[in-house]
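# Structural characterization, general
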Number of protein chains: 2
Amino acid sequence: MDMDGTRTMAAPVVAGPLDPEQLHRIHAWWRAANYLSVGEIYLMDNPLLREPLRPEHVKPRLLGHWGTTPGLNFVYAHLNRCITQRDLDMIYVMGPGHGGPGPVAAAWLEGTYSEVYADVSQDTAGLKKLFTQFSFPGGIPSHVAPETPGSIHEGGELGYALSHAYGAAFDNPRLIVAAVVGDGEAETGPLATSWHSNKFLDPQRDGAVLPILHLNGYKIASPTVLARIEPEELDQLLRGYGYVPHLVEGSDPERMHQDFAATIDRCLDEVARIQRRARHDGVTERPHWPMIVLRTPKGWTGPKEVDGLKVEGSWRSHQVPFSNARGDDAHRAVLEQWMRSYRPEELFDESGAPVPEIRDLHPMGDRRMSANPHANGGVLLRDLRMPDFRDYAVPVESPGTGAVESTRVLGTFLRDVMRRNMTNFRVLAPDENNSNRLGAILEATERTWEARMQPDDVGLGVDGRLMEILSEHTCQGWLEGYLLTGRHGFFSCYEAFIHIVDSMFNQHAKWLKTTEGIEWRRPIASLNYLLSSHVWRQDHNGFSHQDPGFIDHVVNKKADVIRVYLPPDANTLLSTVDHCLRSKQYVNVIVAGKQPQLQYLDMDDAIVHCTKGIGIWDWASTDAGVEPDVVLGCAGDIPTMETLAAAEILRGWFPDLRVRVVNVVDLMRLQSEREHPHGLSDREFDALFTTDRPVIFAYHGYPWLIHRLTYRRTNHDQMHVRGYLEEGTTTTPFDMCVLNRIDRFDLAIDVIDRVPRLQGISAHRREELRNKLIEHRHYVRTHGEDLPEVRDWQWSAVPGPNTPAENPQATAL
Amino acid sequence: MDMDGTRTMAAPVVAGPLDPEQLHRIHAWWRAANYLSVGEIYLMDNPLLREPLRPEHVKPRLLGHWGTTPGLNFVYAHLNRCITQRDLDMIYVMGPGHGGPGPVAAAWLEGTYSEVYADVSQDTAGLKKLFTQFSFPGGIPSHVAPETPGSIHEGGELGYALSHAYGAAFDNPRLIVAAVVGDGEAETGPLATSWHSNKFLDPQRDGAVLPILHLNGYKIASPTVLARIEPEELDQLLRGYGYVPHLVEGSDPERMHQDFAATIDRCLDEVARIQRRARHDGVTERPHWPMIVLRTPKGWTGPKEVDGLKVEGSWRSHQVPFSNARGDDAHRAVLEQWMRSYRPEELFDESGAPVPEIRDLHPMGDRRMSANPHANGGVLLRDLRMPDFRDYAVPVESPGTGAVESTRVLGTFLRDVMRRNMTNFRVLAPDENNSNRLGAILEATERTWEARMQPDDVGLGVDGRLMEILSEHTCQGWLEGYLLTGRHGFFSCYEAFIHIVDSMFNQHAKWLKTTEGIEWRRPIASLNYLLSSHVWRQDHNGFSHQDPGFIDHVVNKKADVIRVYLPPDANTLLSTVDHCLRSKQYVNVIVAGKQPQLQYLDMDDAIVHCTKGIGIWDWASTDAGVEPDVVLGCAGDIPTMETLAAAEILRGWFPDLRVRVVNVVDLMRLQSEREHPHGLSDREFDALFTTDRPVIFAYHGYPWLIHRLTYRRTNHDQMHVRGYLEEGTTTTPFDMCVLNRIDRFDLAIDVIDRVPRLQGISAHRREELRNKLIEHRHYVRTHGEDLPEVRDWQWSAVPGPNTPAENPQATAL
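An unreviewed UniProt entry lists chain A under the name Probable phosphoketolase, from Streptomyces sp. 900116325. For the record of chain A, the UniProt heading Cofactor (unreviewed entry) holds the text "thiamine diphosphate". In the Sequence similarities (unreviewed entry) part of its UniProt record, chain A is described as follows: "Belongs to the XFP family."

Right under this line is the structure:
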């Protein structure tokens, strides 16, 4: 095994910007970080190898990823030099987040780790703990994780390094975000498009991102695409993405130190020049930002061969390069030789602390990347300055009147939130902001646009704050990066296509859940989704655009961090969004339609209703203080309208029937208080839904979710839920309801079929009533647009509680 | 309004490959397609404008997308010329699938539409129907859809045009897939990485893909990134992706016809040359395939201005360029002028059929892109030649013994499926094939790899059939394209990260559901997922890799098309996969671990069990033909092991207790027969789970899914489900179970707490028993690796029903 790659570099033989002292120090720091990284993966005792390595020093089970780690450490060492020399405010996003041993080692070397985890001290005992805890039961994860100081990026799921990095850089003009993109990660779709983020970064107002494409050549088991296309192709690709790539390639550490130092100096000079031109010379054309291509062996400085097979420079070093170091003497000898090749005796003092020359390399205080406050965004978080949402109220003469696009009203509120928070609030959408009727935001700002503009363009600006790219992944990644560094945001999306970021939501929710348990992490602003253009109103687009399942996906995550709201009209939507924008540490999902729709509650009532999250709508109910015969539950704007219309039909037909209408804004109220902090107690739930009366519940999404949320409730057996059943196409809004049996007539039929009092009437009579409703349903479905009471073709957008119903059966009882 | 862009072209004034007759015909065909497209969006009567346009001829509600359509039609016309001239076998993937009016018009012009929908005949009555039905209640979707002859690509959700196109081209050496990529779509992540598919296409064995990047400059409301970077950047980007781009730019139809014709000829010549070199000259190096960049105005040939605002060449033409053609005389005049500018009187004969010169342009029979059998893959589908899966059986001496990696066994079966089907079967994984233990496939084939190879590479081949790119999106897109064109495939993925393609699964499931109702569409092979590296065994990777929610996502789709299997060991896995590979029109989700685990059933028993999908495991039960005291249900390999271990503990402690163990392989058996074709009747369900005894159910995923599937069952109130609760980190497998309360000890505690017979013992005694179990749980959790009966640290991978249990309480009852 040849380890001379890590030899001492007292006398530099390669030209470059580093003087011998700098070179020596950087190399020592890198050796230390690599040594610690190997130790984290392999050892549980004898951390400084002060005695020969014995089986019991080695962990019984070896878990971790070595391959990418030395590269991450190499970059870290060099960034530290630059931070110190240039007094930079810098954070480091590591795309290959499985290289967890690296940043943990760095944070320990910088002292941050011991500051936040006192028992992992900078001494031999702390080192033993540092090693043992890594990827160990009760210890820390093997990936870069919320537990890792200095991280805003988990990296377990690959693809989001660049969008996170850009999100962090927006509105942080002094910040530089160094972002390593692994060549495995670079094959993912989200990463492949996120290079284009440079068309959305304003060099005047925003900070800088320095991408470092790390080509170590291999994924888990294969070469990577970008490492195996021709070098000129790669160069063209990156220039095509709008960057000026600088290649640093090799494996000889001394040469690589000098080359990388020279290159990063050149890049940082270029960043400074670009920012100066934008900030002082008024240049507005899009710059071609520098980036680095770093080509090194995978598992660099690790064993070159084990058992006759190539390890360094191969996919075999991806995880643990050899796994039997505890049981196999030869493997253990390889490990010991490998670790000793870093010469720990030069790196750590008698007590186990890093020697001064290593300590001196890293910056001090908040300038340490592991302690940079941007990477613990909560400490920088300032509350939004909020306008009074009540000022945007829609007047509601009487419940169930008007035809208002609720999200358009919301747009005016968001516009003014934007106006008051022009440095820490962004609104994002995948080309759907105006389609979702949030166009008023453009009165306060423009769309971010650094690419070429034309004279006839409208609403584009280099310093625009409405961010639109047709990539849900990029929007989500930007927003996460923005939130994690202590700012606020709002993401609107077509309901069906938010599934595109299901897995990104997962990771963010997991991050939030984990940080709840980490004392030194401060709460960040919530991630707010508005899902519009929803399942019931896909008149344009049909079946492919119909999927209300994101809610189901979201509620699988920890109740502590997720909230779901279905405001039925504009005033409840305003109240809900105001609440969400003030909240922290949640993912808030708000579903609201963009089409003209009936309004129900004036602002005072809306506030009361949203505060409770669920409630009886007395004005729509006929149970007047007594136990109802049936409860009509509803959640979502369209189901609410259909429910109210059904109640109206029933009121006309059966004046004696006691109907209670319960509307749900905060979906989590349905769950038990034991399951979710917003959950109703069983007593409260029973007071609304009774313990034994039929409940016909019309729900916005897949009906089984309501069962799932309520299956432990007293009256669950009596709950009959209607919702979306994957029936749909391009059709009228009313027909969509009929196809999925959630329309007013079907809901009325449900009542007729299930209410005991009505079952007193003969089967024949019931059949007659049912047929009458079916007939009426058919008539509206086919002639809706010609009914006199209907304003144009958008039948169900207008009528509601006041829907006319013949009253032929009023005396039926 | 200036419409001279569509003027007659009798005498060509621009040089190019088209002679006057060809030019005239192509232009006429394009005019006809554009005319029909506008008619589809706007009209419901007077289809040939044989009388002045009146309000009642215009649809009351206008829905559809014009902007992209003329470009799609333009390409269609030119492809038709090439197909005819060169006798090409070609299909057409339209990324901007919202341009649905185009391909519908084309299919009608080619006669295919009337062949498959007899009432939409090639005459005036048919035309009226063609127009009226478009995006109309009871009609057809506004997007390219399964209903559209010639389509394998919906395009409602953007991003998959190229991966679908490549999937179609694999193993179809004579096929050319023309694929239009919209510049909106091009911003998505999945599309951005799918350009790299050219590193996985073998010019010898596979067909060709001809990408056409259509820059019409605008999305719904903004310019597009690729249209607004510098032309040289775009050129570099596409060359960096490995293509040779050919630009065709302009708006003058005559010039554009000649330029596009010349360019497509050049590209097809180059495709032929590449294929010849690979197939006859033995050249194996990766070619640089040609592609076209087509830059035209959005809404080309539409009105230039309406109400003083620019429409052609602007985002305003994205959908319906002006919307009040029914109510507003001026708008209606614009519409009429626009449609008449195509001169329909020259395009359609008296009867309403296309005139001969238009008919003559298109190819005949199967060569018509709208009738190409590859776009209705079921007609080409051949069953797989299957080895006998029983030959791969793992011997099982007695239930609950051994330590077998089930997926490794599966690998040998898949290897031999591959060997027998080397032209119509592909296996895909996002760099996880070997990690998922399917490495045996590499004995039959190599990894597909057209990029550069190095001497030390192993397992790569230009004609490899195992497809690995670190992009779940690309794997899924390739597979969909491959299946939709009539072949078979198998996709293995880490369980957590299959969420990355949640939305792609949605669209494929919707496609399958829709095609069920389309008579001329033939069934295609099922999409088979193996989800491994699952939630319970993320020892390496921890919390970010733990998410069993894909099942929840899947079961939201129509029961007709989805199946979910949780085989608990190798033989059940073999039987399941054999079944899935033979099936059609489903999405099959199979979840199975890759770690060494206990085996339970020999092959005969496994077949019986899988055929039933659910059953009592007598050998693990102690209810011997009588009603049990408690039912232990389980689904999934780890929950099954823990359940059996719990049964063993209970057997030791309470020899009299009648415990029934029910294992579920086919999850849909739990649902009612009314909800899912695989569902058990209530009688069958009650026979297994009783009507009143406690059921402790240990489930692989989120526990509420079991409630959702069973909430209407008689005994649902007695069902207590354990599953994954989003508790996890990097820890031992056993600790994962404990964190989520699904371990053997907690299951045993559940029984003690809930079984009435045991409740006869005193509260104090119960507390003692509970504490004993908790103590034991703690002991195993902390010392598991040192227990004598445990082979190495992987505690829970080995023991099972034979887990030792102290029997201190055996006399407790």
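Right, let's get into the relation of the copies chain A and chain B. Once chain A has been moved 0.0 Å along the axis and rotated by 180°, it coincides with chain B to within an RMSD of 0.0 Å. Expressed as a symmetry operation, the mapping of one chain copy onto the other fits a two-fold axis. Of the C-alpha atoms belonging to chain A, the one lying closest to the rotation axis is found on A:Gly189, 2.0 Å away. Comparing interface residues between copies, 100% of those in chain A also lie at the interface in chain B; the contact surface is shared.

Before going further, it helps to examine the interface of chain A and chain B. Counting from both sides, the interface comprises 90 residues of chain A and, opposite them, 90 residues of chain B. Split by residue class, the side of chain A that touches chain B holds 26 nonpolar, 35 polar and 29 charged.

All right, on to the pairing of strand 5 (residues 289–295) of chain A then. All names here are of chain A. Counting buried residues in strand 5 gives seven out of seven residues, a clear majority hidden from the surface. In strand 5, alternate side chains face the same way, and those of Trp289, Met291, Val293 and Arg295 on one face and Pro290, Ile292 and Leu294 on the other are all buried. Direction of pairing for strand 3 (residues 208–215) relative to strand 5: parallel, over a ladder of four bridges. Its bridge partner being in strand 5, Ile212 is matched across the sheet by Ile292. As a crossover connection, the stretch from strand 4 (residues 243–249) through helix 10 (residues 253–279) into strand 5 is right-handed.

Turning our attention to the sheet that holds strand 21 (residues 695–699) of chain B. Residue and element names in this part refer to chain B. Strand order in the open sheet made by the five strands is 18-20-19-21-22, with mixed pairing throughout. Unpaired on one side and paired on the other, strand 18 (614–616) and strand 22 (719–722) mark the two borders of the sheet. Ignoring which end each strand starts from, the neighbouring axes of this sheet average 20° apart. Of the strand pairs in this sheet, strand 19 (residues 630–635) and strand 21 are connected by five bridges, and their pairing is parallel. Paired with Leu632 across the two strands is Ile696, which belongs to strand 21. Packed on one face of the sheet, helix 20 (residues 637–653) meets strand 19, strand 20 (659–664) and strand 21 and runs near 155° to strand 19.

All names here are of chain B. One can find Gly728 in the loop between strand 22 and helix 23 (733–739). Accessibility expressed as a C-beta count within 10 Å gives 22 for Gly728, which makes it buried. Spatially, the C-alpha atoms of Gly728 and Leu470 are 25 Å apart, while their sequence positions differ by 258 residues. In this structure Gly728 touches Gly542, Phe543, Gln546, Met736 and Leu739, once residues within four positions along its chain are discounted.

On to helix 3 (residues 101–109) of chain A, then. Residue and element names in this part refer to chain A. Extensive coverage of helix 3 is indicated by the burial of nine of its nine residues. For helix 3, the set of buried residues is Pro101, Gly102, Pro103, Val104, Ala105, Ala106, Ala107, Trp108 and Leu109. Buried-residue contacts for helix 3 involve helix 1 (20–42), helix 2 (69–86), strand 1 (89–94), helix 4 (112–116), helix 5 (124–133) and helix 13 (356–359).

In this section: the domain arrangement of chain A. Looking at chain A, the domain boundaries give domain 1 (4–380), domain 2 (389–597) and domain 3 (615–797). With centres defined by C-alpha atoms, the gap from domain 1 of chain A to domain 3 of chain A works out at 58 Å.

Residues and elements named next belong to chain A. Taken in spatial order, the five strands make up an open sheet running 1-2-3-5-4, and their pairing is parallel. In this open sheet, the two edge strands, each paired with only one partner strand, are strand 1 and strand 4. Taking each pair of neighbouring strands and ignoring which way they run, the sheet shows an average axis angle of 20°. With seven bridges joining them, strand 2 (residues 175–182) and strand 3 adopt parallel strand pairing. Paired with Val177 across the strands is Val209, a residue of strand 3. Along the sheet, helix 9 (residues 231–240) contacts strand 4 and strand 5; its crossing angle with strand 4, the most-contacted strand, is approximately 145°.

Of all residues except glycine, most have a negative phi; of all peptide bonds, most are trans. Its identity as a non-glycine residue notwithstanding, A:Arg741 has a phi of 60°, on the positive side. Within the element layout of this structure, A:Arg741 appears in the loop between helix 23 (733–739) and helix 24 (744–754). We note that B:Ser135 has phi near 50°; this positive angle belongs to a residue other than glycine. With 28 C-beta atoms counted inside 10 Å, the residue B:Ser135 sits in the buried group.

Rules behind the numbers
Residues numbered from 1 in each chain as written. Chains lettered and ligands numbered in written order. Predicted model: local features only at pLDDT ≥ 70, side-chain atom pairs only at ≥ 80, totals over all residues. UniProt positions renumbered as here; feature names shortened; annotations may be inferred. Least-squares fit on C-alpha atoms with pLDDT ≥ 70 in both. Contact = placed C-beta atoms within 7 Å. Nonpolar A, V, L, I, M, F, W, Y, C, P; charged D, E, K, R; others polar. Buried ≥ 20, exposed ≤ 12 C-beta atoms within 10 Å, placed from the backbone. Helix = DSSP H or I, 4+ residues; strand = E, 2+ residues; numbered from the N terminus. Pairing = 2+ DSSP bridges. Right-handed = clockwise from strand over helix to strand, strands pointing away. Axes fitted to C-alpha atoms, helices over the stretch in contact; angles between N-to-C directions. Domains from an automatic or database assignment.

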